[in-house]
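This is what each chain is made of:
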Amino acid sequence: MSVAVKICGLSEPDTLRAAVTGGARYVGFVFYPPSPRAVAPAMAGELARLVPTGVRSVGLFVDPDDAFLEHVIGQVPLDVIQLHGSEDPRRIVEIKARYRMPVMKAVKIGGPDDLAAAAELAEVADRLLFDAKPPSKTGALPGGNGVAFDWTLLAGRRWSKPWMLSGGLTPENVAEAVRVTGATEVDVSSGVEDRPGHKDAALIRAFLSSLGGL
Ligand SMILES: O=C(O)c1ccccc1NCC(=O)[C@H](O)[C@H](O)COP(=O)(O)O
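Per an unreviewed UniProt entry, the protein goes by N-(5'-phosphoribosyl)anthranilate isomerase and derives from Azospirillum cavernae. In the Catalytic activity (unreviewed entry) part of its UniProt record, the protein is described as follows: "N-(5-phospho-beta-D-ribosyl)anthranilate = 1-(2-carboxyphenylamino)-1-deoxy-D-ribulose 5-phosphate".

Can you walk me through the overall build of the protein in this structure?
From N to C terminus, the protein includes seven helices and 10 strands. In terms of overall size, the protein behaves like a compact globule, its C-alpha atoms giving a radius of gyration of 16 Å where 214 residues would be expected to give roughly 17 Å. Taking the principal axes of its C-alpha atoms as reference, the protein extends roughly 40 × 40 × 35 Å. By the burial criterion, 52% of the 214 residues in the protein qualify as buried.

I keep staring at the packing of aromatic side chains and nothing clicks. Help me out?
Within a pair of aromatic rings, the relevant descriptors are the distance that separates the centres and the angle that separates the planes. Enumeration according to the criterion identifies four aromatic pairs in this entry. Measuring from ring centre to ring centre gives 5.0 Å for F130 and W159, while their planes differ by 45°; the resulting arrangement is tilted. Here F130 is found in strand β6 (residues 127-132), whereas its partner W159 is found in the loop between β6 and β7 (163-165), with 29 residues between them in sequence. Residue F130 is classed as buried on the basis of its relative accessible area of 0%. For W159, a relative accessible area of 17% corresponds to the buried category. Among the aromatic residues, those joined into a ring-pair cluster are F31, F61 and F68.

I'm lost on the pattern of salt bridges in this one. Help?
Side chains bearing opposite charge may pair, as long as their charged atoms lie close to each other. Per the counting criterion, the structure on display carries 13 salt bridges. With its nearest N and O atoms 2.7 Å apart, the salt bridge here joins D126 to K96. Of the two residues, D126 sits in the loop between α5 (115-122) and β6 while K96 sits in helix α4 (residues 89-99), which places them 30 residues apart along the sequence. Relative accessible area serves as the criterion here: at 26%, D126 is assigned to the partly exposed category. Residues K199 and E193 are paired through a salt bridge, measuring 2.6 Å at the closest nitrogen-oxygen approach. Each member of the pair K199 and E193 is classed as buried. The network of salt bridges with shared partners includes D66, R90, R91, E94 and R98.

What exactly am I supposed to notice about the site of the ligand here?
In the vicinity of the ligand lie 24 residues, with S35, R37, D131, D187 and S190 positioned nearest. Within the side chain of Q82, one N or O atom sits 2.9 Å away from an oxygen atom of the ligand. G168 places a main-chain nitrogen or oxygen 2.9 Å from an oxygen atom of the ligand. Here the ligand has 520 Å² of accessible area as a free molecule, and 100% of this is covered by the chains. The set of elements that each furnish at least two residues to the shell around the ligand consists of β1 (4-8) and β8 (185-188). Counted by class, the shell around the ligand contains eight nonpolar, 12 polar and four charged residues.

Explain the UniProt feature "domain: N-(5'phosphoribosyl) anthranilate isomerase (PRAI)" (unreviewed entry) in the protein to me, please; I cannot follow it from the model alone.
Under the UniProt annotation, the feature "domain: N-(5'phosphoribosyl) anthranilate isomerase (PRAI)" (unreviewed entry) is placed at residues 5-208. Spanning residues 5-208, this segment combines 29% helix with 22% strand, and its end C-alpha atoms are found 7 Å apart.

Would you take a moment to explain α4 for this structure?
Side chains that are three or four residues apart share a direction in an α-helix, a result of its 3.6 residues per turn. Every buried residue of α4 is accounted for by R91, I92, I95 and Y99. Along the axis of α4, the buried residues cluster in a sector spanning 105°; they form a single face. Residues of α4 that are buried make contact with α3 (66-73), β4 (80-83), β5 (103-109) and α5. Looking one or two residues past α4, R100 carries a phi angle of roughly 50°, positive in sign.

Help me understand the pairing of β6 in this model?
Along any regular strand the residues' side chains alternate between the sheet's two faces. Most of β6 is tucked away: six of the six residues are buried. Both faces of β6 are covered, namely the face carrying R127, L129 and D131 and the face carrying L128, F130 and A132. As judged from the six bridges shared by β5 and β6, these two strands associate in the parallel manner. Within β6, the position partnered with M104 by the bridge is R127. Remark: the β5/α5/β6 crossover connection has right-handed handedness. Pairing analysis gives three bridges linking β6 to β7, with the strands arranged parallel. For F130, the partnering residue across the bridge sits in β7 and is L165.

Cut-off values and rules
- Residues numbered from 1 in each chain as written.
- Predicted model: local features only at pLDDT ≥ 70, side-chain atom pairs only at ≥ 80, totals over all residues.
- Heavy atoms only, no water.
- UniProt positions renumbered as here; feature names shortened; annotations may be inferred.
- Helix = DSSP H or I, 4+ residues; strand = E, 2+ residues; numbered from the N terminus.
- Rg over C-alpha atoms; globule rule 2.2 N^0.38 Å.
- Buried < 20%, exposed > 50% of the residue type's maximum accessible area, 1.4 Å probe, protein only.
- Phe/Tyr/Trp six-rings, centres within 6.5 Å; stacked < 30°, edge-to-face > 60°.
- Salt bridge = Lys/Arg side-chain N within 4 Å of Asp/Glu carboxyl O.
- Near = heavy atom within 4 Å.
- Polar contact = N/O pair within 3.5 Å; in protein donor to acceptor, adjacent residues only side chain to side chain.
- Areas by Shrake-Rupley, 256 points an atom, 1.4 Å probe, with all protein chains shown as cover.
- Nonpolar A, V, L, I, M, F, W, Y, C, P; charged D, E, K, R; others polar.
- Arc of directions from axis to C-beta.
- Contact = heavy atoms within 4.5 Å.
- Pairing = 2+ DSSP bridges.
- Right-handed = clockwise from strand over helix to strand, strands pointing away.

Below, the structure is given as structure tokens:
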């Protein structure tokens, strides 16, 4: 079973190239200004045009309004819209209908009770991304916090849509995370950075090669 990898929060050509040449199947661009990984749409458009066929460009949004979605999608050739805010099923359906693009909805897991929402979201979203619930400390982002959740919560579970494991993954722990959860797709941001918002090509390569044997 090969595990597909999404490297999220890319903002520079050299680390984008490291992700793509290392075998990443998805590259993520963050369109959430408070994030240290936020990239301007014009820059993201240039980066997305470097992405080869077969690798999907994911645009990451947090409770975006239509004007912002139009602003970004008009400049960036995206394959997937990732919604990482409090978007409800109605808003997901609306965005899917308006932009005719697959939607991946983040489900934030703090405990077993949070899984119930996943089943409902899976009815309307095209894919799910399971991430850790943000820490309660002030200034925590909606995602990209480098925090893992209890992977055993996903062990043995089946979902009606494709899903991705995320949250606190690193080159050192990702193989174990895949073993415990059975994930066939994983996503990482902090774990391949040498400082917040700064991707490290060597860490990207290490993360990708740590899954090489799976
Ligand atoms: O990455 C961000 O800065 C970010 C900001 C706001 C909302 C979502 C964000 N990232 C979403 C992702 O898909 C991250 O890759 C995911 O949360 C995992 O992040 P990490 O735990 O740092 O690997």
